[in-house]
Amino acid sequence: MYAQLVETGVKSVRSTDQLTGDEQAFQQRIDEGIRIEPKDWMPEPYRKTLIRQISQHAHSEIVGMLPEGNWITRAPTLKRKAILLAKVQDEAGHGLYLYSAAETLGVSRDELVGDLHSGKAKYSSIFNYPTLTWADIGMIGWLVDGSAIINQIPLCRCSYGPYARAMVRVCKEESFHQRQGYDLLIQMCLHGTQAQKDMCQEALNRWWWPALMMFGPSDADSPNSAQSMQWRIKLFSNDELRQKMVDQTVPQAEYLGLKVPDPDLKWNKDQGHYDFGEIDWDEFYAVIKGNGPCNRERLAARVNAHKEGQWVREAFSAYANKHESEQAVA
Ligand code: BYC
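Where an unreviewed UniProt entry is consulted, the protein appears under the name 1,2-phenylacetyl-CoA epoxidase subunit A, with the organism given as Pollutimonas harenae.

Below, the structure written as structure tokens:
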């Protein structure tokens, strides 16, 4: 696929004869499916691309706790509350595995978190939308975690060892997250009242398009895809993964009795997939530039949480220093 991207002249990837000897050997290892590990030689742009993608992914997990965390105190039953608590805790864990994977590339946690708080680093656009009703919790599990799985299963086979290994565990937990969301929607749509079903339809109307935007710009406008695919940091293009998401999700919406809010959605029997309408890219770019409905609120919540956790970090490091000096004396 990256060859196609290059052929269409969209993005430049250097051909083999333009690479240095070290770069050629590195590319050959990637082409042979050999994992790159932290102490291996790697081109500087490979390292930077990984830090960018892995840290963006880590930030997304941490910021992603906020929209769902908003409903923990209002979950309708004890069972739903316990499930939601477990899911949000899993997301904190995913953030931690991913920050650790990024740290193996020689960047510190403080730098990464600093970049999030200053607005320099991105996180997934999807978490800048509000959770207005309980049905939104179902939509996040079904559509957001569903999209995350489609994007992340291939990452278990990506070229960088620590990222690929972190993804194996993340994907197992994402499957539970997707299931709990769909289960919640089955209860409301198939066993609930008309008002509950209407609430789900209204939530789908708001979440459908932002969920499709999670996969990033279309291939023709994705500056990073061609190079990331050559390095096997990405195994499929943004549009390929988005198409998979639509094909997998439309029959699930039909089972729930919900209507996908896209008048252009149509089964294409020649190509064996759904054709779908044009994404509002102006909205996508506005959100990733910081102007979505909740960007300011999300960032402020993270900055504040970090400030309030200062005493905990200080207490931990005071204990660690004391423990170390006692051990040195002994
Ligand atoms: N939102 O060249 P492109 C989760 C940026 S967590 C914001 O295609 P790339 C979950 C992109 O960074 C889900 N920004 O980029 C958590 C780039 O900007 P820079 C997060 C986006 O990196 C809690 C520019 O647009 N998943 O599932 O090749 C609860 C051009 O894009 C977005 C991951 O992070 C976006 N949607 O491809 C529930 C997965 N899309 O950095 C669930 C790993 C694009 O050049 N990441 N941008 O300034 C990836 O697979 C890739 O980074 C992306 C983008 C597909 C997201």
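From this point, things continue past the structure.
Here we take up the site of the ligand. For the ligand, the set of nearby residues contains 33 residues, the closest of which are Q56, K122, S222, K234 and N238. Separating an oxygen atom of the ligand from a side-chain N or O atom of R52 is a distance of 3.0 Å. Residue Q56 places a side-chain N or O atom 2.6 Å away from an oxygen atom belonging to the ligand. When the ligand is considered free in solution it has 1,000 Å² of accessible area, and contact with the protein chains removes 91% of it. At the level of secondary structure, the elements contributing two or more residues to the shell around the ligand comprise helix 3 (44-63), helix 7 (135-152) and helix 12 (281-291). Residues that form the shell around the ligand fall into these classes: 13 nonpolar, 13 polar and seven charged.

Following the criterion strictly, the structure yields one cavity of 30 Å³ or more and no others. Its volume calculated, the largest cavity comes out at about 30 Å³. Sorting the residues of the lining of the largest cavity by element identifies helix 7 and helix 11 (238-256) as the ones contributing at least two each. Its residues placed into classes, the lining of the largest cavity shows four nonpolar, six polar and no charged.

To continue, consider the environment of Y163. Tracing the backbone shows Y163 in helix 8 (residues 161-190). Classification of Y163 by relative accessible area gives buried; the value is 1%. Separated by 82 residues in sequence, Y163 and M245 have C-alpha atoms that sit 23 Å apart. With near-sequence residues (within four places) excluded, Y163 lies in contact with L50, Q53, I54, H57, L98, A101, L155 and C158. Among the polar contacts listed, one links the side chain of Y163 to the side chain of H57, at a separation of 3.1 Å.

What counts as what
Residues numbered from 1 in each chain as written. Predicted model: local features only at pLDDT ≥ 70, side-chain atom pairs only at ≥ 80, totals over all residues. Heavy atoms only, no water. Near = heavy atom within 4 Å. Polar contact = N/O pair within 3.5 Å; in protein donor to acceptor, adjacent residues only side chain to side chain. Areas by Shrake-Rupley, 256 points an atom, 1.4 Å probe, with all protein chains shown as cover. Helix = DSSP H or I, 4+ residues; strand = E, 2+ residues; numbered from the N terminus. Nonpolar A, V, L, I, M, F, W, Y, C, P; charged D, E, K, R; others polar. 1 Å grid on protein atoms, 1.4 Å probe; cavity = no way out; pocket = protein on both sides within 12 Å on 5 of 7 lines; lining within 4 Å. Points joined across faces, edges and corners; volume = space filled by probe spheres on them. Buried < 20%, exposed > 50% of the residue type's maximum accessible area, 1.4 Å probe, protein only. Contact = heavy atoms within 4.5 Å.

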